[in-house]
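Coordinates in review
Listed here are the chains, written in short residue letters.
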Amino acid sequence: MRGWWREIAGLVLPVACGGCGRQRTELCPSCEAALTGAGEGPRRVRPSPEPAGLPVVHAVAPYADAVRELLIAHKERGALTLARPLGGALAVAVEAAAGGTEGLVARPLLLVPVPSSRRSVRARGHDPTRRIALAAAARLRGAGRQARVVPVLRQRRHVADQAGLGARGRLANLSGALEVVPGGGRLLRAGKVVLVDDLMTTGASLAEAARALGDVHLPFIPGIPHGLPSGSAQRGFEQRAAAVIASSPASFEINRNSQGTWNVAGGER
């Protein structure tokens, strides 16, 4: 009910840009340019230290200034109309994470959002990552891609608030916290899986989500060699692709310094 009220209020009350506060527009051209990476395109990003098991992550913009304000406005201040442009930015990162456009029409993209806790969803009145993922999938379908959101991850134990925790603390807090819902493994076999989140800081959430996907027992599919006895359950797969809207500025610089140049979409994996 709270989420519906926010959406209705946004239609009748004066609006301001979620990034800079400019009046009479939910997203000004300057902030929109920042959100889409200011023409640089999506890049591979790496946190430092990089947690074990972190998949290859692509982001479109550094988490700073207007981009930071836009994500906070959507997540914490209920600026739900920002889900559409944020989803558009995530869609760009998803395409980069999936390895370009080749074969995407034949094989659907499965966007698996990193789940929020039920407590956070209740407090905010909405699930920001899932909302953005749905907008991203809609944008991809509008561009002719087969794409859908597959929310198969859930928290299986209490997770403390991540605010104020460093890289080690976040890893310890999230270790073993996620699992795939019953029957989720079968859904994951239907296409190319890309983990999605709005933001990457230490990489702990994405690493834990990748571990959970790797732990699931997938159904046996005849004709696909797995090296296991016929009819047996298959161990999960190595999750190598993830996409976020924003990542810390340092993660962009580390990538640039290690590569000698920006690693754009379709680059090293």
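Rules used in this analysis
- Residues numbered from 1 in each chain as written.
- Predicted model: local features only at pLDDT ≥ 70, side-chain atom pairs only at ≥ 80, totals over all residues.
- Heavy atoms only, no water.
- Pairing = 2+ DSSP bridges.
- Helix = DSSP H or I, 4+ residues; strand = E, 2+ residues; numbered from the N terminus.
- Axes fitted to C-alpha atoms, helices over the stretch in contact; angles between N-to-C directions.
- Contact = heavy atoms within 4.5 Å.
- pLDDT = per-residue confidence, 0-100.
- Parallel < 35°, antiparallel > 145°, perpendicular 65-115°, else oblique.
- Left-handed = near helix turned anticlockwise from the far one by under 90°.
- Nonpolar A, V, L, I, M, F, W, Y, C, P; charged D, E, K, R; others polar.
- Buried < 20%, exposed > 50% of the residue type's maximum accessible area, 1.4 Å probe, protein only.
- Lys, Arg positive; Asp, Glu negative; His and termini not counted.
- Salt bridge = Lys/Arg side-chain N within 4 Å of Asp/Glu carboxyl O.
- Polar contact = N/O pair within 3.5 Å; in protein donor to acceptor, adjacent residues only side chain to side chain.

With mixed pairing, the six strands of this open sheet are ordered in space as β1-β2-β10-β7-β3-β4. With partners counted over all chains shown, the strands left at the sheet margins are β1 (43-45) and β4 (147-149), one partner each. Averaged over neighbouring strand pairs, the angle between their axes works out to 35° when direction is ignored. As paired elements, strand β2 (residues 56-62) and strand β10 (residues 241-247) share six bridges and run parallel to each other. If you follow Ala59 over to β10, its bridge partner there is Val244. Relative to β10, helix α4 (residues 83-97) is tilted by about 140°, and along the sheet it contacts β2, β3 (109-113), β7 (192-200) and β10.

It is worth spelling out the confidence of the model for the protein chain at this point. Within the protein chain, residue pLDDT values average 78, and 70% of them lie at 70 or more. Between residues 221-232, whose pLDDT stays under 50, and residues either more than four places distant or in other chains, the model counts 10 contacts. Low pLDDT (under 50) marks residues 259-269, which in the prediction has 28 contacts with non-local residues, meaning those over four places away or in another chain.

Interhelical geometry of α4 versus helix α6 (residues 128-142) gives an angle of 65° and a closest axis separation of 7 Å. Classified by the angle between their axes, α4 and α6 sit roughly perpendicular to one another. For α4 against α6, the interelement crossing comes out right-handed. Of α6, the residues touching α4 (which contributes Ala83, Arg84, Leu86, Gly87, Gly88, Leu90, Ala91, Val94 and Glu95) are Arg131, Ile132, Ala133, Ala135, Ala136, Arg139 and Leu140. A breakdown of the residues in the contact of α4 with α6 according to their chemical character gives 10 nonpolar, two polar and four charged.

With that out of the way, let us pick up the pairing of β2. Burial within β2 is extensive, with six of its seven residues counted as buried. Where β1 meets β2, three bridges bridge the pair, whose relative direction is antiparallel. Pairing of Arg43 across the sheet is with Ala59, part of β2.

With that settled, the discussion passes to the side chain of Asp197. Inspection of the secondary structure puts Asp197 in strand β7. Although Asp197 lies buried, it forms no salt bridge, and the closest oppositely charged side chain, Lys75, sits 5.8 Å away as judged by the N-O distance. Looking at Asp197, its side chain comes within polar contact range of the side chain of Thr129, at 3.3 Å. Not counting residues within four places of it along the chain, the set of residues in contact with Asp197 comprises Leu90, Val114, Thr129, Ser205, Leu206, Ala243, Val244 and Ile245.

According to the stated counting rule, one finds seven salt bridges in the structure shown. Between Asp215 and Arg211 there is a salt bridge; the shortest N-O distance is 2.4 Å. Residue Asp215 and its partner Arg211 are located together in helix α9 (residues 204-215), separated by four residues, close to a single helical turn. Several salt bridges share partner residues, and in doing so they unite Arg68, Glu69 and Arg77 into one network.

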